[in-house]
Amino acid sequence: FAYPDGHASPWLERFYARLAASGAGMVVVANTAVSKDGVVSRFNLRADRDKFIPGLARMARAIKESGAIACIQLNHAGRFARIAKPLLPSPISLANLAFNMESLINFMESFPFEKRFGLTRHLFSRFKTWNKGMTEQERERVINDFASAASRASRAGFDMVELHGANGYLLCQYLSSFTNNLKTNYGPDFKGRVSFPLQVLQAVKNSLPQNFPIGFRLLLNEWVPSGINPSQALKFARLLEKEGIAYLSVSAGTYNSIFSPAAVTKMAAPAYLKTETARLKKKVTVPVISAGRITTPEQADKLIQTGVSDLVGLGRPLRNDPSWIKKAVSGGSGIIT
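All values derive from a computational prediction rather than experimental measurement.

J.: Give a description of the packing of helix α5 (residues 136-155) against helix α8 (residues 195-207) that names residues and reports values.
T.: Between two packed helices, what matters for the description is the angle formed by their axes and the separation of those axes. Look at α5 against α8: their axes get within 8 Å of each other, and the N-to-C directions meet at 40°. In this view, α5 runs oblique relative to α8, as classed from their interaxial angle. Crossing of α5 over α8 shows right-handed handedness. On α8, the residues touching R139, V142, I143, F146, A147, A150 and S151 of α5 are F196, Q199, V200, A203, V204 and S207. Partitioned by chemical class, the residues of the contact of α5 with α8 number 9 nonpolar, 3 polar and 1 charged.

This is the structure we're talking about:
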């Protein structure tokens with residue numbers, strides 16, 4: 001809902017101001033592209049030029065004036081970017097081609113029949129562009145893009161930034177053996193695969209004022225062959241904590257997995273990430289944010305009271321019922337789930 005050139009629109013300002021006015025403690029402005037080649041749609045909010053700062057500043061101010069902490073999520077879509085030649089760690093693996101094709105079919109079946117043909121053509125054209133990995137120069141440039149975008153967010157008045165390391169986007173792509181087949185310093189072992197996201201984090205830290213909080217959206221389970229699993233995610237989380245991350249916000253699945261019958265079944269369960277989140281909470285001392293089909297105040301309260309997490313993230317529940325939090329405070333009756 002940004003303008004096609006990446007500027008914040010009045011619609012976005014009002015949207016996030018309403019979320020802040022709902023009673024949320026913190027509002028995260030989602031999926032802000034750190035570079036032009038990192039957008040996921042024609043209407044992606046961007047933070048890759050100084051010209052975007054005034055619009056970002058209006059959003060930050062609207063959130064804070066409505067009573068919440070203003071955070072902005074920085075992202076590069078990598079191979080899922082809506083550009084002619086998307087960036088990715090390494091060319092698509094032939095071993096994973098069959099799974100990519102199967103996930104495409106599952107994705108198509110989630111759409112109305114009349115829309116499937118155009119989407120199929122689009123996604124098949126995506127496969128053709130996944131034939132070349134990033135160069136060292138491109139990696140260095142994207143690292144600098146993250147740092148520069150973080151600096152602009154700070155200058156725009158945001159209180160925090162969050163790095164998007166989930167949903168199969170670029171930071172996640174480097175961490176996963178499913179999308180990272182490099183034999184260089186950035187792969188193929190765990191130490192190599194964490195190098196790029198950790199370098200991004202370090203560059204972002206260096207670009208911000210001292211002690212400026214940086215959160216991380218962490219993928220706990222990728223649900224793809226040779227992909228990120230909970231053990232790897234927890235190991236990575238400890239490295240992030242050592243680097244001074246402010247909090248970890250959990251997620252699971254990517255576009256390659258969330259439309260599969262198995263994933264759909266898992267994600268239909270209430271608070272479906274509570275087991276993995278509880279494991280994470282025991283391994284780190286930084287605040288952990290629960291997410292994943294938390295639809296009632298009772299579910300949220302139980303996650304906090306039983307020590308599964310320190311905070312609860314609400315995405316679709318708040319968009320579905322903007323009065324969710326106010327209703328929860330007054331007893332929870334009448335919430336539209």
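J.: Give a description of helix α12 (residues 297-305) that names residues and reports values.
T.: The set of residues buried in α12 consists of P297, Q299, A300 and L303. An end-on view of α12 places all buried positions within 165° of arc, on one side of the element. Projecting away from the buried face of α12 at angles above 90 degrees are the exposed residues E298, K302 and Q305. On the buried face of α12, the contacting elements are α11 (274-283), β6 (288-290), β7 (311-312) and α14 (324-329).

J.: Go over unusual backbone geometry with me, naming the residues and quoting the values.
T.: At the junction of G187 and P188, the peptide bond is cis and its omega measures out at 0° in the coordinates. Summarising the element assignment, P188 is placed in the loop between α6 (170-175) and α7 (190-193). Phi is positive for N31, close to 50°, though the residue is something other than glycine. Its location among the elements puts N31 in strand β1 (residues 26-33).

J.: Go over the nonpolar core with me, naming the residues and quoting the values.
T.: By size, the foremost hydrophobic cluster in this structure holds 89 residues, and its most contacted members are F158, L163, L248 and L280. With 7 residues, α5 is the single largest residue contributor to this core. With residues up to four places along the chain from it excluded, the contact list for L163 reads L74, F146, L171, V200, L201, V204, I214, G215, F216 and R217. With 10 residues, the next largest nonpolar core counts A77, F80, A81 and F107 among its residues.

J.: Could you give an account of the pattern of salt bridges, with specific residues and numbers?
T.: Here the structure, examined in full by the defined rule, presents 11 salt bridges. Between R141 and D37 there is a salt bridge; the shortest N-O distance is 2.4 Å. With a gap of 104 residues between them, R141 in helix α5 and D37 in the loop between β1 and α2 (53-65) connect regions that are remote in the sequence. Taking the shortest distance from any N to any O, the salt bridge between R139 and E136 comes out at 3.2 Å. A residue pair is termed a helical-turn pair when its members lie 3 or 4 positions apart in one helix, as R139 and E136 do in helix α5 at 3 residues. Of the residues examined, R139 reaches a relative accessible area of 6% and is grouped as buried.

J.: Account for a positive patch on the surface, naming residues and giving values.
T.: Together, K235, R238, R279 and K283 line one region of the surface with positive charge. When residues of the positive patch are traced back to their parent elements, those giving at least two are α9 (230-242) and α11. Along the chain, the position of K235 falls in helix α9. The class of K235 is partly exposed, set by a relative accessible area of 43%.

J.: Residue-level account of the layout of surface pockets, with values.
T.: In this structure, the second largest pocket encloses a volume near 180 Å³. If you trace the second largest pocket, you find it lined by K85, P86, L87, L88, K128, T129, N131, K132, G133, M134 and E138. In the lining of the second largest pocket, the residues fall into 4 nonpolar, 3 polar and 4 charged.

J.: Outline the packing of aromatic side chains, supporting the account with residue identities and numerical values.
T.: The relation between two aromatic rings is expressed through the spacing of the ring centres and the mutual angle of the planes. Tallied over the entire structure, the rule returns 10 aromatic pairs. Measuring from centroid to centroid gives 6.0 Å for F80 and W130, while their planes differ by 85°, and the two rings are edge-to-face. Taken as a pair, F80 in the loop between β2 (69-75) and α3 (97-109) and W130 in the loop between α4 (116-129) and α5 lie far apart in primary sequence, 50 residues in all. R79 extends its terminal NZ or CZ atom over the ring of W130, reaching a point 4.2 Å from the ring centre.

J.: Give a description of the sheet that holds strand β4 (residues 214-221) that names residues and reports values.
T.: Spatial strand order, β1-β2-β3-β4-β5-β6-β7: 7 strands in an open sheet with parallel pairing. The sheet is open, and its two edges are formed by β1 and β7, each paired on a single side. Bridging between β1 and β2 involves 6 bridges; their strand directions are parallel. Bridge pairing links A33 to N75 in β2. Here α2 sits on the sheet in contact with β1 and β2, set at roughly 140° to β2.

Rules behind the numbers
Residues numbered from 1 in each chain as written. Predicted model: local features only at pLDDT ≥ 70, side-chain atom pairs only at ≥ 80, totals over all residues. Heavy atoms only, no water. Axes fitted to C-alpha atoms, helices over the stretch in contact; angles between N-to-C directions. Helix = DSSP H or I, 4+ residues; strand = E, 2+ residues; numbered from the N terminus. Parallel < 35°, antiparallel > 145°, perpendicular 65-115°, else oblique. Left-handed = near helix turned anticlockwise from the far one by under 90°. Contact = heavy atoms within 4.5 Å. Nonpolar A, V, L, I, M, F, W, Y, C, P; charged D, E, K, R; others polar. Buried < 20%, exposed > 50% of the residue type's maximum accessible area, 1.4 Å probe, protein only. Arc of directions from axis to C-beta. Core = buried A, V, L, I, M, F, W, Y, C linked by side-chain atoms within 4.5 Å. Salt bridge = Lys/Arg side-chain N within 4 Å of Asp/Glu carboxyl O. Patch = residues over 30% accessible without salt bridge, like charges linked within 9 Å, V, L, I, M, F, W, Y side chains within 5 Å. Areas by Shrake-Rupley, 256 points an atom, 1.4 Å probe, with all protein chains shown as cover. Lys, Arg positive; Asp, Glu negative; His and termini not counted. Charge placed at Lys NZ, Arg CZ, Asp CG, Glu CD. 1 Å grid on protein atoms, 1.4 Å probe; cavity = no way out; pocket = protein on both sides within 12 Å on 5 of 7 lines; lining within 4 Å. Points joined across faces, edges and corners; volume = space filled by probe spheres on them. Phe/Tyr/Trp six-rings, centres within 6.5 Å; stacked < 30°, edge-to-face > 60°. Lys NZ or Arg CZ within 6 Å of the ring centre and 35° of its normal. Pairing = 2+ DSSP bridges.

The quantities given are spatial measurements derived from coordinates; they are silent on function.
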